Every structure is written in structure tokens, then in C-alpha cells.
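Residues per chain, in single letters:
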Amino acid sequence: MKDSDSPMTAANRVSLATGLYFLATPIGTARDITLRALDVLASADVLAAEDTRSLRRLMDIHGIALEGRPLIAYHDHNGAAQRPRLLAALAEGKSVAYASEAGTPLIADPGYQLGRAVAEAGHLVTAAPGPSAVLAALAISGLATDSFFFAGFAPTASGQRQSFFRGIAEVPGTLVFYESPNRVAKSLADMVAVFGPDREAVMARELTKKFEEVRRAPLGLLADEMAERKLKGEVVLLVARGDPKQFDENALEDILREALKSGSVKDAVARTVEETGQPRRVVYQLALKLEKAG
Ligand code: SAM
């Protein structure tokens with residue numbers, strides 16, 4: 001079924017409590033929206049959107065009429081001026097739904113200051129969760145998902161980008177980046193310079209869309225491949241976590257001994273794990289051994 005063949009609206013008019021509703025919208029395929037998000041779109045007293053035309057189009061696809069309700073543009077450039085208007089609507093007891101252009105608001109998108117201001121004013125801030133490129137990319141990447149770090153967009157200048165990468169090189173989890181297609185090759189080259197060529201990496205493009213593509217390869221190879229291509233569309237880059245630093249037992253023992261001088265076993269173990277990145281189990285066993293030996 002094409003998006004435009006969507007049947008009669010699946011949305012219900014529901015009664016909404018006063019508050020701000022962050023709505024997740026599709027990152028490609030228009031039918032990737034929850035029934036609850038449609039209900040909120042059909043029911044909120046005031047609608048606000050990063051891009052009012054995209055929201056109108058989405059509402060049209062799903063058969064939701066505006067019915068005279070205000071539809072307010074709220075984005076990075078007019079947030080300060082528009083927040084009082086939205087806060088005033090909430091103060092009058094209204095429900096306000098906010099959608100960014102695609103995916104989840106606040107995830108590399110506007111909404112942070114709005115959410116804070118509304119919470120500080122004592123109103124409900126809630127969400128109708130749904131699509132986000134970071135989670136879609138992570139889920140299909142084949143990389144570890146037990147722990148990950150969403151780094152958003154890296155800086156555009158190479159020097160700053162490399163120091164940004166250095167700052168997160170030791171993060172013990174999969175790294176996820178948003179990137180513009182024409183910077184992918186340069187970004188990957190800087191990643192190779194900082195993370196080395198061997199970490200597994202993934203380029204995930206046009207997720208949920210017709211030309212969806214996922215390329216998994218070691219960072220060096222991926223960088224070489226992408227340098228040869230002219231990419232189009234929207235891209236997420238992912239990099240597997242690095243190997244935890246290898247410590248020889250003597251070095252680890254020295255660090256742990258120092259830590260034990262000024263704290264309990266529990267604190268010393270915690271500090272040593274943080275400092276060395278070694279598994280807690282290994283450090284704890286060593287601490288017990290040192291304690292026993294006096
Ligand atoms: N709020 C959105 C979210 O929750 O994913 C992200 C908005 S951010 C301004 C746009 C970036 O998200 C794109 O440059 C790209 O890196 C990523 N992105 C969004 N949609 C995507 C898709 N369908 N496929 C791959 N990446 C996507």
C-alpha cells in the first residue's frame with residue numbers, strides 16, 4: 001500500500017490532559033507513526049511543529065483535519081519568541097502537541113528548551129514515542145546494543161572533529177553519529193585517524209525508505225569505500241566499542257594498591273575499574289587477593 005492510499009483515519013478524538021506532548025513522527029515511511037501519536041494529533045488543542053508544512057502533509061496522509069486549531073511554527077530560530085505563546089496556551093489549560101520535522105523531537109532536533117520551560121512552569125511534559133534514526137540504525141547494525149553512546153552530529157571542521165572523536169574514543173559502548181551525506185567520507189577518515197582502521201563500523205542510509213542501505217565493514221575499509229562514492233540521502237554512522245585497554249597484572253596491582261590506601265575495598269575497586277576500564281570481576285578478585293596477603 002502506498003502512503004497516499006492510507007485508509008480512513010485511524011485516529012480517535014481523545015480527551016487530553018493539559019500538557020506538552022512530544023510526538024515522534026516517521027523518519028521515512030509515513031505509516032511509521034503510532035496510533036497514539038495520531039490520536040494526540042487529532043485531539044490536541046494546539047499543534048506546534050518544527051516544519052508546519054511537513055506536519056500538515058503527515059496529517060493529510062492520515063486523514064487528520066486541523067479543524068481551526070492553531071498550528072504554530074517552533075524551531076531553533078524562533079524558539080525564544082514562540083515559547084511564551086505555547087506556555088500561555090498551557091496556562092489556559094490547553095494541550096499542546098509538538099513534532100519536529102522527522103523522528104523524535106529533541107534527538108538532534110528542537111524541543112529541549114521548550115520541554116524544560118514547560119516542566120519549570122509546572123505543567124505535564126509527556127511523549128508519544130516512536131521512530132528515531134538512532135535506534136533504527138542501532139537495531140539493524142549488528143553492533144552491540146547493550147550499551148551505546150549517541151554522539152549526534154560531529155563538528156564540521158576536521159581538527160575539531162578529531163578532538164571530538166578523541167573525547168569519546170574510550171566510551172565503553174557502540175558510538176552512533178548522525179552525519180550529512182557529503183561529509184561521510186571526511187568524517188570516516190577522521191575516525192580512522194582517531195579510532196584506528198580495525199574497529200567494526202556501519203553506514204546506515206535512508207532507513208525505512210526505498211533505497212535503504214546498510215554497509216558493515218572495518219572502519220578503514222568503510223572509509224576507503226565511502227571515499228569512492230557520492231552518497232545521497234540521510235546517514236547514520238556507527239562504530240563498535242574499542243577493546244578495553246590491556247593492563248598487565250602488575251600495573252593493575254599498583255593502581256589498586258594505591259586506591260586501597262585511601263578507601264574501602266568497594267571504593268578502591270570502583271575507582272580502579274573506572275580508571276583502567278578492566279572488568280569489575282577481575283579487579284575485585286585482585287583486591288581480595290591483596291587484602292588476604294595483607
Ligand atoms: N529527530 C530525528 C531522529 O529522531 O532521528 C533526527 C533529526 S536530525 C536533524 C536528521 C539526521 O538524522 C539525519 O541527518 C540523519 O543523520 C539522521 N536520519 C534521520 N532520518 C534518517 C533515515 N531515514 N535514515 C538514516 N538516517 C536518518
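Please refer to the structure placed before this passage.
Figured I'd write up the structure that's included with this text. (Residues numbered from 1 in each chain as written. Predicted model: local features only at pLDDT ≥ 70, side-chain atom pairs only at ≥ 80, totals over all residues. Heavy atoms only, no water.)

**Topic: the site of the ligand**
- Taken together, 18 residues surround the ligand, and among them Ile107, Asp109, Ser132, Tyr178 and Val235 come closest.
- Glu179 is positioned with one of its backbone polar atoms (N or O) 3.4 Å from an oxygen atom of the ligand.
- Considering the ligand on its own, with 570 Å² of exposed area, one finds that the protein chains cover 90% of that surface.
- Of all the secondary-structure elements, those providing two or more residues to the shell around the ligand are β7 (174-179) and β10 (235-239).
- The residue makeup of the shell around the ligand, split by class, is 10 nonpolar, 3 polar and 5 charged.
- Of the domains in this structure, domain 1 (10-131) and domain 2 (134-239) are the two that each give at least three residues to the shell around the ligand. (Near = heavy atom within 4 Å. Polar contact = N/O pair within 3.5 Å; in protein donor to acceptor, adjacent residues only side chain to side chain. Areas by Shrake-Rupley, 256 points an atom, 1.4 Å probe, with all protein chains shown as cover. Helix = DSSP H or I, 4+ residues; strand = E, 2+ residues; numbered from the N terminus. Nonpolar A, V, L, I, M, F, W, Y, C, P; charged D, E, K, R; others polar. Domains from an automatic or database assignment.)

**Brief notes about a nonpolar patch on the surface**
- Together, Leu106, Ile107 and Tyr112 line one region of the surface with nonpolar side chains, adding up to about 260 Å² of accessible area.
- Take Tyr112: it is sitting in helix α4 (residues 112-120). (Patch = residues over 30% accessible without salt bridge, like charges linked within 9 Å, V, L, I, M, F, W, Y side chains within 5 Å. Salt bridge = Lys/Arg side-chain N within 4 Å of Asp/Glu carboxyl O.)

**Some points on the sheet that holds strand β9 (residues 213-218)**
- The 5 strands are arranged β6-β7-β10-β8-β9 in an open sheet whose pairing can be described as mixed. What marks the edges here is a single partner per strand, and that holds for β6 (148-153) and β9. Ignoring which end each strand starts from, the neighbouring axes of this sheet average 15 degrees apart. (Pairing = 2+ DSSP bridges. Axes fitted to C-alpha atoms, helices over the stretch in contact; angles between N-to-C directions.)

**Regarding helix α5 (residues 133-141)**
- Ala133, Val134, Ala137, Leu138 and Ser141 are the residues of α5 that are buried. Buried residues along α5 cover an arc of 125 degrees about the axis, so they all sit on one side.
- Against the buried residues of α5 lie β6, β7, β8 (200-205), β9 and β10.
- Following α5 by one or two positions, Gly142 has its phi on the positive side, about 85 degrees. (Buried < 20%, exposed > 50% of the residue type's maximum accessible area, 1.4 Å probe, protein only. Arc of directions from axis to C-beta. Contact = heavy atoms within 4.5 Å.)

So far we have only geometry, and geometry alone does not tell us how the molecule works.
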